[in-house]
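These are the residues of each chain, in order.
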Amino acid sequence: MAGNDLGSLLGGLLGGGGQGGSSGNILGALLGALGGGSGGTNGGNPLGGLLEMLTKSGLAEQKDSWVGTGENKSVTGAQIQQALPDGTLQKVAEQAGVTPEQAASDLARTLPRAVDKLTPEGHVPQAASLEELVRQQSL
């Protein structure tokens, strides 16, 4: 699935319209850069790979709060910048038409809500591709 299509799905999941749409584009660009739909981690589902990356970057507590059913802990743009592999944030920013700093800030704001919505049962579903998971949660 193309990044723009994934961004549209994620934007709808986050609430559609203006703000949700741009957030979806940032998230779609990030997940696309991490291998969405092209044999990336976890059978083409980059969500699990992103969560693993956050854990390895010292953000396990925040990540666990997003996946869990309690309150979501916040992260900063700087923490997101440190968690992503070299060049990934630049690629995401270019695809979204924003600066890397703005992309990191947008991701820090929207990632907790997106992960929370994609994991309503308190765990990352293993069977679905990311696109299927987004569609399931949008119903």
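**Comments concerning the overall build of the chain**
Within the chain, the secondary structure is distributed over eight helices and zero strands. Its helices and strands taken in sequence order, the chain reads α-α-α-α-α-α-α-α from the N to the C terminus. Each of the 139 residues in the chain was classed as buried or not, and the buried ones make up 45%. Considering only residue pairs separated by 6 or more positions, the chain has 57% of its internal contacts joining residues 24 or more positions apart. Counting only carbon and sulfur atoms, one obtains 47% of the accessible surface of the chain, whose full area is about 6,600 Å².

**Points about the packing of helix α6 (residues 88-96) against helix α7 (residues 100-118)**
Across the interface, α6 lies against α7 with an axial gap of 8 Å and an inter-helix angle of 95°. Considering the angle they form, α6 stands roughly perpendicular to α7. Listed contacts from α7 to L89, Q90, V92 and A93 of α6 are P100, A103, A104 and L107. Of the residues belonging to the contact of α6 with α7, the class tally is seven nonpolar, one polar and no charged.

**Section: α6**
Looking only at α6, the buried set comprises T88, L89, V92 and A93. Burial along α6 is one-sided: seen end-on, the buried residues are contained in an arc of 130°. Downstream of α6 by a residue or two, G97 has a phi angle that is positive, lying close to 75°.

**Describing the side chain of T110**
Tracing the backbone through its elements, the reader meets T110 in helix α7. One polar contact links the side chain of T110 to the main-chain carbonyl oxygen of D106, over a distance of 2.9 Å.

**Points about the nonpolar core**
Counting 30 residues, the largest nonpolar core has L50, L54, L84, L107 and L111 as the members making the most contacts within it. Breaking this core down by element, the ones donating at least two residues are α2 (18-33), α4 (46-67), α5 (77-83), α6 and α7. Beyond its immediate chain neighbours, meaning those up to four positions away, L54 contacts L59, A60, K63, W66, A83 and L111.

**Observations regarding the packing of α4 against α7**
Their axes nearest at 12 Å, the elements α4 and α7 cross at an angle of 95°. Of the possible angle classes, the one that applies to α4 and α7 is roughly perpendicular. In this structure, α4 contributes L47, L50, L51, L54, W66 and V67 to the contact, and α7 contributes L111, P112, V115, D116 and L118. Partitioned by chemical class, the residues of the contact of α4 with α7 number 10 nonpolar, no polar and one charged.

**Side note on the pattern of salt bridges**
Under the defined criterion, the tally for this structure stands at four salt bridges. The partner of E61 in a salt bridge is K73, with the nearest N and O atoms 2.4 Å apart. Within this pair, whereas E61 is found in helix α4, its partner K73 is found in the loop between α4 and α5, the two being separated by 12 residues in sequence. Residue E61 is classed as exposed on the basis of its relative accessible area of 53%. Judged by its relative accessible area of 38%, K73 falls in the partly exposed class. For R109, the salt bridge identified is with D106, shortest N-O distance 3.1 Å. Within this pair, R109 and its partner D106 are both found in helix α7, separated by three residues, close to a single helical turn. Judged by its relative accessible area of 11%, D106 is buried.

Quick notes on the rules
- Residues numbered from 1 in each chain as written.
- Predicted model: local features only at pLDDT ≥ 70, side-chain atom pairs only at ≥ 80, totals over all residues.
- Heavy atoms only, no water.
- Helix = DSSP H or I, 4+ residues; strand = E, 2+ residues; numbered from the N terminus.
- Buried < 20%, exposed > 50% of the residue type's maximum accessible area, 1.4 Å probe, protein only.
- Contact = heavy atoms within 4.5 Å.
- Areas by Shrake-Rupley, 256 points an atom, 1.4 Å probe, with all protein chains shown as cover.
- Axes fitted to C-alpha atoms, helices over the stretch in contact; angles between N-to-C directions.
- Parallel < 35°, antiparallel > 145°, perpendicular 65-115°, else oblique.
- Nonpolar A, V, L, I, M, F, W, Y, C, P; charged D, E, K, R; others polar.
- Arc of directions from axis to C-beta.
- Polar contact = N/O pair within 3.5 Å; in protein donor to acceptor, adjacent residues only side chain to side chain.
- Core = buried A, V, L, I, M, F, W, Y, C linked by side-chain atoms within 4.5 Å.
- Salt bridge = Lys/Arg side-chain N within 4 Å of Asp/Glu carboxyl O.

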